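# Summary of the model geometry
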Amino acid sequence: MKPWLIRIAALAVFAGSFALPAIRMAGSGPGNQPLRGWMCASFASILGPKALVQSLSHGVQSEGILISAGGLVNYLFLALLVLALWRRLVRTRLVIGALMLPCFIATWILFASTKTTPLIGHFLWIAGAVLLVVPDIVSLFRKRETAAIAPSASSEQA
């Protein structure tokens, strides 16, 4: 499959996750509706870092760091999309993709500490972000495979 098709699918999955229910906060009752992905993204990407900066004078809260790390994924995703325009930046994209993993873990730690339940939107958000890095991972393995085959083929010809 072509890398650009995979990236379009990744963008569709990632963008679609914002319309779906992403999390359900702890507690039960009629007012406990799930939050959609776009609400989580706006909170984590904009309000989380703002609250983190404002709390610096009072001592940094661990929840602020965890929320901000989750919001960082959205910015990293956008960076990956832009960097996908250049084929040569495979390793840079892989590093950015690797930076997403601790951010995902930070959101899960936050969910565990606040007894928040992740829903389909959250899982599709992660799937879209991971899917965006798949062409680069495949490219890396193909280069290694080609490099391993090339020396043995040249030694057989000699």
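The model shown is predicted, which means the values in this text are computed figures rather than measured ones.

This part takes up the sheet that holds strand S2 (residues 35–36). Here we have three strands laid out as an open sheet, ordered S2-S1-S3, and antiparallel in their pairing. In the strand order of this sheet, the two ends are held by S2 and strand S3 (117–118), each with one partner. Taken together, the two bridges between strand S1 (residues 21–24) and S2 define a ladder with antiparallel strand orientation. Residue pairing for S2: Ile23 is matched across the bridge by Leu35.

Attention now moves to helix H2 (residues 37–54). With 18 residues, H2 should reach 26 Å at 1.5 Å per residue; the first-to-last C-alpha distance of 25 Å fits that figure. Residue Leu47 marks the point of greatest curvature in H2, where the axis turns by about 35°; the proline Pro49 follows within four residues. Residues of H2 that are buried include every one of Gly37, Cys40, Ala41, Ala44, Ser45, Gly48 and Leu52, and no others.

A few words on unusual backbone geometry. Of note in this structure, Lys115 is not a glycine but carries a positive phi near 55°. One can find Lys115 in the loop between helix H4 (90–114) and S3.

Turning our attention to the nonpolar core. Judged by nonpolar contacts, the single largest core of 24 residues is most densely connected at Val73, Phe77, Leu80, Met100, Phe104, Trp125 and Ala129. Of all the elements in the fold, those that place two or more residues in this core are helix H1 (3–17), helix H3 (62–83), H4 and helix H5 (120–157).

Now for the packing of H3 against H4. Helices that pack against each other are described as a pair by the angle of their axes relative to one another and the distance between those axes. Packing of H3 against H4 leaves a shortest axis separation of 8 Å and a crossing angle of 150°. Relative to H4, the element H3 lies roughly antiparallel. The chirality of how H3 crosses H4 is left-handed. A per-class count over the contact of H3 with H4 returns 18 nonpolar, five polar and two charged.

Here the focus is the pairing of S1. Strand direction decides the pairing type here: S1 and S3, joined by two bridges, are antiparallel. Pairing of Ile23 across the sheet is with Pro118, part of S3.

Another point: the pattern of salt bridges. One pass over the structure, following the stated rule, counts two salt bridges. Across the pair Arg7 and Asp136 runs a salt bridge whose closest N-O atoms are separated by 2.9 Å. Of the two residues, Arg7 sits in helix H1 while Asp136 sits in helix H5, which places them 129 residues apart along the sequence. Accessibility assignment for this pair places Arg7 and Asp136 in one class, buried. For Asp136, the salt bridge goes to Arg93, with nearest N and O atoms at 2.8 Å. Of this pair, Asp136 sits in helix H5 while Arg93 sits in helix H4; the two residues are 43 residues apart in sequence, bridging distant segments of the chain. You can call Asp136 buried: its relative accessible area is 2%.

With that settled, the discussion passes to a nonpolar patch on the surface. Residues Phe43, Ile46, Leu47, Leu72, Tyr75 and Leu78 make up a contiguous nonpolar surface patch of roughly 580 Å² in combined accessible area. Of all the secondary-structure elements, those providing two or more residues to the nonpolar patch are H2 and H3. Tracing the sequence through the fold places Tyr75 in helix H3.

Calculation criteria
Residues numbered from 1 in each chain as written. Predicted model: local features only at pLDDT ≥ 70, side-chain atom pairs only at ≥ 80, totals over all residues. Heavy atoms only, no water. Pairing = 2+ DSSP bridges. Helix = DSSP H or I, 4+ residues; strand = E, 2+ residues; numbered from the N terminus. Expected span 1.5 Å × (residues − 1). Bend = angle between axes of the 7 residues up to and from the residue. Buried < 20%, exposed > 50% of the residue type's maximum accessible area, 1.4 Å probe, protein only. Core = buried A, V, L, I, M, F, W, Y, C linked by side-chain atoms within 4.5 Å. Axes fitted to C-alpha atoms, helices over the stretch in contact; angles between N-to-C directions. Parallel < 35°, antiparallel > 145°, perpendicular 65-115°, else oblique. Left-handed = near helix turned anticlockwise from the far one by under 90°. Nonpolar A, V, L, I, M, F, W, Y, C, P; charged D, E, K, R; others polar. Salt bridge = Lys/Arg side-chain N within 4 Å of Asp/Glu carboxyl O. Patch = residues over 30% accessible without salt bridge, like charges linked within 9 Å, V, L, I, M, F, W, Y side chains within 5 Å. Areas by Shrake-Rupley, 256 points an atom, 1.4 Å probe, with all protein chains shown as cover.

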